[in-house]
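Secondary and tertiary structure notes
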Amino acid sequence: MSDHTPARILVASNRGPVSFSSGPDGTLTLRRGGGGLVSGLSAIDDPGTVWVCAALGEADRTAARRSPQGRLDQGGFDVGGQAVRMLDIAPEVFDQAYNGVANSTLWFLHHLLYNTPTAPVFDADAAARWTAFEAYNAAFAEALAAEAAPGAAVLVQDYHLTLVPALLRELRPDLRISYFLHIPWAPADYFRMLPDELARAVLTGVLGADRAGFHTRRWAEAFADCCEQLLDAKIISGAGPRSDLSVSHQGRTTRLGVHALGADADFLRERAHRPDVDERLAALREAVGGRRTIVRVDRTELSKNIVRGLQAYRHLLRSRPEWREQVVHIAFAYPSRQDLAEYRDYTAAVQRLSQEITEEFATDSWQPLILQVEDDFARSLAAYRMADVALVNPIRDGMNLVAKEVPVVSDAGCALVLSREAGAHAELGADALSINPYDVVGTAEALHRALSMPAAERAERTGRLAAAATALPPQQWFLAQLAELSD
């Protein structure tokens, strides 16, 4: 047990609320993160809250080593009044766990991304990576066990930490443990690609929690189906499509819950009208020249389906020549996971196709496509504000906050073209133009309908979309899970 006050509430995630960079002289510079988890944690009015996270790079590891037991708040770092324990996991273990299993196996599995004639391959190298994944999860479980007060509430986040609930349950059966998955869950037939031993470990890892949360009922039911088929677990469901689900296995019952993370309306609307956003908005408007706009903002993750989105735009211009010189596609595709070859190749494919579209259609007075690959949040908000159409067409997505953020920020209202495979579709589908993400022709036709939508209808839909998108903002989302765990 550590020598500081045990925590009553703990959060565990791969990425923490702060990160570090190192200067030439070794000076560490701290940077605070953002996102739903950081915002949500601010809702907890309890000084006995600890966030456990991993050191993601060498500067993070240096900070963790300079802090007693990795507690940054006790190591002289200003972490905004939060208690943060950063784990100095060996770089080779972290790499194999994070890149080799979490992002190259579990992510691909749950997003249905495998090219199955050649992947996955579970050989001796894969077994070594899984051993590292187990060690990485064990490091989190041990840290949480050391930090937690008797009966504390522990909220474990996402697919990186799939094994933590069961490992922590073994160490501290007194704790109340919640697990939340921010991505989809694979259907049972696809999930069975995992070797039986690994599949059981993933499922029983989650079932170590008292409660497992998902963004949609669809993902919760997929998890329950896997448990029933692979573990012979008992699924308990009340009457009605929205009733609670529970999974009973080996004498324990895990309740399943649905918490659809919403957009933070107050933050987005305030941030979207700061001077840096206004400056970028003016530059975009000058580049667009009063034309209609189709906006997308994504990381270049394979699941985001950017290439098919560009193909759909190209088909729109080919099949509907009336839109030539009348519309500009603003595509912000921010590189993601460039340490993985598949992601580097995908980013290159996005850039190639963008160049092809420009070469085919551009004129002296019109650039049909604005592609930006440098991450710039203020510029993204500027694009949100001016969007006539928002294109969100993932192959598969646990939620997709962009689909929720654009209607909240839009100045004049925008039509949302939304993949039926995004988790957000469960809430937004009624007022969006729904698409099959694999259907390029169908997506092009949806873009045409969206561009042709009357302004009044667009504004009405946007109002309803914004209301649905903000129904469960990050702080309420977080507190709801905590309250459910306390029941």
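What comes next is a walk through the structure.

Helix and strand content of the protein chain: 18 helices and 17 strands. Each of the three principal axes of the protein chain carries a C-alpha extent, and together these read 70 × 55 × 45 Å. Out of the 487 residues belonging to the protein chain, those deemed buried represent 57%. For the protein chain, the proportion of contacts with a sequence separation of at least 24, taken over those separated by at least 6, is 77%. Surface summary for the protein chain: the accessible area is close to 19,600 Å², and the carbon and sulfur share equals 49%. Here the protein chain carries 49 positive and 62 negative side-chain charges, and the mean point of each set is 3 Å from the other.

Formally, a disulfide is one covalent bond, and it connects the sulfur atom of one cysteine to the sulfur atom of another. Inspection of every chain in the model, using the stated rule, returns zero disulfides. Cysteine Cys226 remains unbridged, with the sulfur of Cys227 as its closest cysteine sulfur at 7.0 Å.

Another aspect to go through is the nonpolar core. Burial of nonpolar side chains together is a common tendency in soluble globular proteins. Ranked by internal contacts, the top residues of the largest apolar core, which has 147 residues, are Phe140, Trp185, Phe191, Phe223 and Ile330. Dropping the residues within four chain positions of it, Phe223 is found in contact with Trp185, Leu203, Val206, Leu207, Phe214, Val247 and Leu256. Of all hydrophobic cores here, the second largest spans 26 residues; its members include Cys53, Ala64, Ala153 and Leu485.

With that out of the way, let us pick up the side chain of Asp376. Here Asp376 shows up in the loop between β14 (369-372) and α13 (377-386). Among the polar contacts made by the side chain of Asp376, one reaches the side chain of Arg280 at a distance of 3.0 Å. A polar side-chain atom of Asp376 sits 3.0 Å from the main-chain amide nitrogen of Arg379. In this view, Asp376 contacts Arg280 and Tyr334; residues no more than four positions away in its chain are not counted.

Bringing the environment of Ala446 into the picture now. By the element assignment, Ala446 lies in helix α16 (residues 440-452). Here the alpha-carbon distance between Ala446 and Leu316, two residues 130 residues apart in the chain, equals 9.4 Å. Beyond its immediate chain neighbours, meaning those up to four positions away, Ala446 contacts Val417, Leu433 and Ile435.

Residues Val389 and Leu391 point to one face of strand β15 (residues 389-392) and Ala390 and Val392 to the other, with burial holding for every one of them. Direction of pairing for strand β12 (residues 292-299) relative to β15: parallel, over a ladder of two bridges. Its bridge partner being in β15, Ile294 is matched across the sheet by Val389. Across four bridges, β15 lies against strand β16 (residues 415-419) in parallel orientation. Looking at β16, one finds that Val389 is bridged to Ala415.

In a beta sheet, neighbouring strands are held together by backbone hydrogen bonds and run either parallel or antiparallel to one another. Strand order across the open sheet formed by nine strands is β5-β4-β1-β6-β7-β8-β11-β10-β9, with mixed pairing between neighbours. Only two strands of the sheet have a single neighbouring strand rather than two, namely β5 (83-87) and β9 (234-237). For this sheet, the mean inter-axis angle between neighbouring strands, taken without regard to orientation, is 20°. For strand β4 (residues 49-54) and β5, the ladder comprises five bridges, and the chain directions are parallel. Bridge pairing in β5 places Val52 opposite Arg85.

It is the contact of helix α11 (residues 306-319) with helix α12 (residues 341-361), at a shortest axis distance of 9 Å, that shows an interaxial angle of 10°. In this view, α11 runs roughly parallel relative to α12, as classed from their interaxial angle. Taking contact as the criterion, the partners of Ile306, Val307, Leu310, Gln311, Tyr313, Arg314, Leu317 and Arg318 in α11 are, on α12, Tyr346, Ala349, Val350, Leu353, Ser354, Glu356, Ile357, Glu360 and Phe361. Within the contact of α11 with α12, the residues separate by chemical class into eleven nonpolar, two polar and four charged.

Most of helix α14 (residues 402-409) sits out of view: eight of its eight residues are buried. Taken together, the buried positions of α14 are occupied by Val402, Ala403, Lys404, Glu405, Val406, Pro407, Val408 and Val409.

Inspection of the entire model under this criterion finds 15 aromatic pairs. Centroid distance Phe94 to Tyr136: 6.1 Å. Interplanar angle 65°. Geometry classified as edge-to-face. Here the residue Phe94 occupies a position in helix α3 (residues 91-110), and Tyr136 occupies one in helix α4 (residues 124-147), the gap between them amounting to 42 residues. Classification of Phe94 by relative accessible area gives buried; the value is 7%. Connected via pairs of aromatic rings, a cluster forms that spans Phe94, Tyr98, Trp130, Phe133, Tyr136 and Phe140. Directly above the ring of Phe332 sits Arg379, whose terminal nitrogen or CZ lies 4.9 Å from the centroid.

Conventions adopted
Residues numbered from 1 in each chain as written. Predicted model: local features only at pLDDT ≥ 70, side-chain atom pairs only at ≥ 80, totals over all residues. Heavy atoms only, no water. Helix = DSSP H or I, 4+ residues; strand = E, 2+ residues; numbered from the N terminus. Buried < 20%, exposed > 50% of the residue type's maximum accessible area, 1.4 Å probe, protein only. Contact = heavy atoms within 4.5 Å. Areas by Shrake-Rupley, 256 points an atom, 1.4 Å probe, with all protein chains shown as cover. Lys, Arg positive; Asp, Glu negative; His and termini not counted. Charge placed at Lys NZ, Arg CZ, Asp CG, Glu CD. Disulfide = S-S within 2.5 Å. Core = buried A, V, L, I, M, F, W, Y, C linked by side-chain atoms within 4.5 Å. Polar contact = N/O pair within 3.5 Å; in protein donor to acceptor, adjacent residues only side chain to side chain. Pairing = 2+ DSSP bridges. Axes fitted to C-alpha atoms, helices over the stretch in contact; angles between N-to-C directions. Parallel < 35°, antiparallel > 145°, perpendicular 65-115°, else oblique. Nonpolar A, V, L, I, M, F, W, Y, C, P; charged D, E, K, R; others polar. Phe/Tyr/Trp six-rings, centres within 6.5 Å; stacked < 30°, edge-to-face > 60°. Lys NZ or Arg CZ within 6 Å of the ring centre and 35° of its normal.

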